[in-house]
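# Overview (structure and organization)
One-letter residues, chain by chain:
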Amino acid sequence: KAGVTQTPRYLIKTRGQQVTLSCSPISGHRSVSWYQQTPGQGLQFLFEYFSETQRNKGNFPGRFSGRQFSNSRSEMNVSTLELGDSALYLCASRSGLAGSYNEQFFGPGTRLTVL
Amino acid sequence: GNSVTQMEGPVTLSEEAFLTINCTYTATGYPSLFWYVQYPGEGLQLLLKATKADDKGSNKGFEATYRKETTSFHLEKGSVQVSDSAVYFCALSDPGGRTGGFKTIFGAGTRLFVKA
C-alpha cells in the first residue's frame, strides 16, 4: 500500500505571494491533517479534514486554509506569505473510521522557503 | 489543555550505550501515546505506540511503557547504533471534542547523536 505523498517537496516563494501544497493520503484513509514544523515552534497542528469537512483547527491566522476533495486528497493554501511561514509542512493521514486506531501516517513534507 | 514535555537535547552517546529519553504528558481522559522519529530531511515515522495504561510499545529495540500513575512514556534502548541518530518526538492523540476532530500533540523533540 502506497504511503502518504506530498507535492511539491520543495518550494521557494517571495513575500506576499501565495502557495498551494498537495497531499494524497493512504488509500482508504479519510482523515487528513496538516502540521507546520519550524525550529522555533516545533510541530504545530494546522487543521484536520474528514470527508471533505474541516473538523478541527489549530491557532493559525486565516491566511492558512485548506480543503479536501471527494477522493480524500487535500490541499493547503497560504496567502500573503510572510518570512515566518518558512517551514516544513507535513501532511498526515488516518483511517478516521469509528473504532479505528488513532495512528497517523506522515508524508515526507514540503519544505517552503519564503524570501 | 493537553500537552507533552520531553527532555531537551541534544543527547550524545557512544555506540552501544543505553538510551533514555524522558517524556511526560498532561491529558484529560485516556489518550494514546506515541514515539515518532525523524531522520534528516525526512518526515515523521512512527516508532512505537501504546493505547492504554501499562501497555509497552516496542520496535527496533526501542521500548516505552505507558505509565498512567506518573503520566510518563519514557523511551529506552539498551544499545544504540550510529544509525539511530535522529530527532525523537513524544506525542499523544487528542480527540477534538464535540467536533469529532482529531490531532496529535507533540513534544519539542530530542535530538540524538550517536558516535562510533
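Data block above holds the structure.
Our subject in this report is the structure included herewith.

## Examining the overall build of chain B
Regarding its fold elements, chain B presents zero helices and 12 strands. When the helices and strands of chain B are listed from N to C terminus, the series reads β-β-β-β-β-β-β-β-β-β-β-β. In terms of overall dimensions, chain B has C-alpha extents of about 50 × 30 × 20 Å along its principal axes. A burial count over chain B gives 45% of its 116 residues as buried.

## Observations concerning the side chain of Thr104 of chain B
Topologically, Thr104 of chain B is positioned in strand S11 (residues 102-106). Among the polar contacts listed, one links the side chain of Thr104 of chain B to the side chain of Gln104 of chain A, at a separation of 2.5 Å. Once you skip the residues sitting within four places of it in the chain, Thr104 of chain B turns out to touch Tyr35 and Gln104 of chain A together with Ala91 and Leu92 of chain B.

## Here we look at the packing of aromatic side chains
Tallied over the entire structure, the rule returns 12 aromatic pairs over all chains. Consider the rings of Tyr25 of chain B and Tyr66 of chain B, whose centres lie 6.0 Å apart with planes at 85 degrees: the pair is edge-to-face. Taken together, the positions of Tyr25 of chain B in strand S4 (residues 23-26) and Tyr66 of chain B in the loop between strand S8 (62-65) and strand S9 (75-77) put the pair 41 residues apart, joining distant regions of the chain. A relative accessible area of 6% places Tyr25 of chain B in the buried class. Among the aromatic residues, ring-to-ring pairing joins Tyr35, Phe45 and Phe106 of chain A together with Phe34, Tyr36, Phe89 and Phe106 of chain B into one connected group.

## A closer look at the interface of chain A and chain B
Facing 19 residues of chain A, the contacting portion of chain B comprises 22 residues. Here chain A packs against chain B, burying approximately 1700 Å² in sum over the two surfaces, 53% of which is carbon and sulfur. Inspection of the region where chain A meets chain B yields four residue pairs in polar contact (both at pLDDT 80 or more). At the level of secondary structure, the elements contributing two or more residues to the side of chain A that touches chain B comprise strand S4 (31-38), strand S5 (42-50), strand S6 (53-57) and strand S9 (87-94) of chain A. A class-by-class count of the residues in the side of chain A that touches chain B yields eight nonpolar, six polar and five charged.

Here is what the cut-offs are and how they apply
Residues numbered from 1 in each chain as written. Chains lettered and ligands numbered in written order. Predicted model: local features only at pLDDT ≥ 70, side-chain atom pairs only at ≥ 80, totals over all residues. Heavy atoms only, no water. Helix = DSSP H or I, 4+ residues; strand = E, 2+ residues; numbered from the N terminus. Buried < 20%, exposed > 50% of the residue type's maximum accessible area, 1.4 Å probe, protein only. Polar contact = N/O pair within 3.5 Å; in protein donor to acceptor, adjacent residues only side chain to side chain. Contact = heavy atoms within 4.5 Å. Phe/Tyr/Trp six-rings, centres within 6.5 Å; stacked < 30°, edge-to-face > 60°. Buried area = accessible area lost by both parts, 1.4 Å probe. Nonpolar A, V, L, I, M, F, W, Y, C, P; charged D, E, K, R; others polar.

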